[in-house]
Amino acid sequence: MPITTFAQLREQAQQSAAVTIAIAGAADPQVLISTAQARDQGLIRAAVLVGDSQRINQLLQQLKLDPRGFSIEQQLDSQATADQAVAAINRGEAQILVKGSLDSASYFRAILNRDHGLLAAKVLSNISLFELPSYPKLLAVTDNAIVLLPDLDQKLAIINNSRPLFCALGITPAKVAAVAAVEKVNPKMVATTDAAELRRLSQQGLIEGFVVDGPFGYDACISRDAAIQKGLADSPVAGDPDLLLMPNLEAANMLGKAYKYHGGADSGGLVMGARVPVILNSRSDSAERRYNSLLLAKLVAAANPH
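The rules behind these values
Residues numbered from 1 in each chain as written. Predicted model: local features only at pLDDT ≥ 70, side-chain atom pairs only at ≥ 80, totals over all residues. Heavy atoms only, no water. Salt bridge = Lys/Arg side-chain N within 4 Å of Asp/Glu carboxyl O. Helix = DSSP H or I, 4+ residues; strand = E, 2+ residues; numbered from the N terminus. Phe/Tyr/Trp six-rings, centres within 6.5 Å; stacked < 30°, edge-to-face > 60°. Buried < 20%, exposed > 50% of the residue type's maximum accessible area, 1.4 Å probe, protein only. Contact = heavy atoms within 4.5 Å. Expected span 1.5 Å × (residues − 1). Arc of directions from axis to C-beta. Polar contact = N/O pair within 3.5 Å; in protein donor to acceptor, adjacent residues only side chain to side chain. Axes fitted to C-alpha atoms, helices over the stretch in contact; angles between N-to-C directions. Parallel < 35°, antiparallel > 145°, perpendicular 65-115°, else oblique. Left-handed = near helix turned anticlockwise from the far one by under 90°. Nonpolar A, V, L, I, M, F, W, Y, C, P; charged D, E, K, R; others polar.

**Looking at the pattern of salt bridges**
Two side chains with opposite charge may pair up if their charged atoms get near one another. Within the structure shown, the criterion is met by 11 salt bridges. Measuring nitrogen to oxygen at the nearest pair gives 3.4 Å for the salt bridge that ties Asp40 to Arg68. With Asp40 in helix α2 (residues 29–40) and Arg68 in the loop between α3 (53–62) and β3 (70–74), this pair connects stretches of sequence that are 28 residues apart. Residue Arg200 pairs with Glu197 through a salt bridge whose shortest N-O separation is 2.5 Å. Placement of both Arg200 and Glu197 in helix α8 (residues 190–203) is noted, with a separation of three residues, approximately one turn of the helix. In the salt-bridge network here, residues are joined through shared partners; they are Arg39, Asp40, Asp66 and Arg68.

**A few points about the packing of aromatic side chains**
Across all of its chains, the model carries three aromatic pairs by this definition. Their ring planes at 80 degrees and their centres at 5.1 Å tell us that Phe130 and Tyr259 sit as a pair that is edge-to-face. Residue Phe130 is located in strand β5 (residues 125–131), and its partner Tyr259 is located in helix α11 (residues 249–261); the two are separated by 129 residues in the primary sequence. The pair Phe130 / Tyr259 is uniform in exposure class, with both members buried. Judged by centre distance (6.3 Å) and plane angle (90 degrees), the rings of Phe166 and Phe210 are edge-to-face. Linking Phe166 in helix α7 (residues 163–168) with Phe210 in strand β8 (residues 210–216), this pair joins segments that are 44 residues apart in sequence.

**Considering helix α5 (residues 104–112)**
Residues spaced three or four apart along an α-helix point in a common direction, a consequence of the helix completing one turn every 3.6 residues. For α5, the set of buried residues is Ser106, Tyr107, Phe108, Ala110 and Ile111. Looking at the packing, one finds that the buried side of α5 touches β1 (19–24), α4 (78–90), β4 (96–99) and β11 (278–279).

**Structural notes on α4**
Helix length check: α4 (13 residues) gives 19 Å between terminal C-alpha atoms against 18 Å at 1.5 Å per residue, within 8%. Where α4 is concerned, the buried positions are Thr81, Ala82, Ala85, Val86, Ala88 and Ile89. Down the axis of α4, the sector holding all buried residues measures 150 degrees, keeping them to one side. Structurally, α4 contributes buried residues whose contacts are with β1, β2 (44–51), β4 and α5. The N-cap residue of α4 is Asp77: its side-chain oxygen and the backbone nitrogen of Gln79 are 3.2 Å apart. Just beyond α4, the residue with positive phi is Gly92, at close to 80 degrees.

**Considering the side chain of Ser202**
Counting through the fold element by element, Ser202 comes out in helix α8. Assessed through its relative accessible area of 13%, Ser202 is described here as buried. Engagement of the side chain of Ser202 in a polar contact is seen with the backbone nitrogen of Val212, the distance being 3.0 Å. Leave out the neighbours within four places in its chain, and Ser202 touches Ile207, Phe210, Val211 and Val212.

**Side note on unusual backbone geometry**
Geometrically, the link from Thr172 to Pro173 is a cis peptide bond, its omega value of -5 degrees lying close to zero. Following the sequence through the fold, Pro173 ends up in the loop between α7 and β7 (174–179). Following Gly214, the chain continues into Pro215 via a peptide bond in cis, with omega recorded as 5 degrees. When you line up the elements, Pro215 lands in strand β8. Of note, Lys64 is a non-glycine position whose phi angle comes to about 55 degrees, a positive value.

**A short note on the packing of helix α6 (residues 152–161) against α8**
Between α6 and α8, the least distance of the axes is 10 Å, while the angle of their chain directions is 55 degrees. In terms of their interaxial angle, α6 and α8 are classed as oblique. Crossing hand, α6 versus α8: right-handed. Contact residues: Leu152, Lys155, Leu156 and Ile159 in α6; Ala191, Asp194, Glu197, Leu198 and Leu201 in α8. Within the contact of α6 with α8, the residues separate by chemical class into six nonpolar, no polar and three charged.

If you want it as structure tokens, here you go:
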């Protein structure tokens, strides 16, 4: 059965063997809290904490967190910290990479390094998963953190990047709504022309594991009634998507934050396109949201061992 809530996701994630994570910049209270919680619940067995060891130990004491299973590796340089955490993945010592208190540029340089990085796809992309009181199942939004203004090829890669997540959630095929301002294809609106081409490729069976349709305004994406009123009753996606493919990072980022702050959404997110699950949280994310991201990473790691 498809996973439709974070409670179900948590239950499923706990059924597979515990994993080890590597944290780049572990001197972060919310990251340490979520990591300890995941360890205490059996999701992870150990964590490699790379960063300022003195500060990490101070935080563990201040937060009264049991350091059991935590291996602390001293590193103060930002880039070296990211490289060291990635090296733990490459040595097979960890199966999930987590960003802590570290600048994103250093983090991504380590992941994208041609000789020692983790890139496994054409692009890296970020996907966030939301549980909303107003929607009957989990809803994903992409790309809200990495690809600024994706072209057609990048949008196709972003969809394909999400395949391991939807397979792990038991959602196949996943329904993808290509979001635009309107439903009519307009040559002056790239979001509509890209959506039409992705729909064509999907109808020809060229996007395995997905049903892609669009372009759709947001109302037609998310509401079946609105879709019917707009003459989209025959769409296999309108009103029932699993994934919203946004036209650009700004739109995706704002939508995700609106879900969190106005929609009462529970959420978690992953970077896709690497050899292992990668976590990139917003600095404002709570320990709970970081824990949800670990749940997603654990589920994907168990379903797609490298």
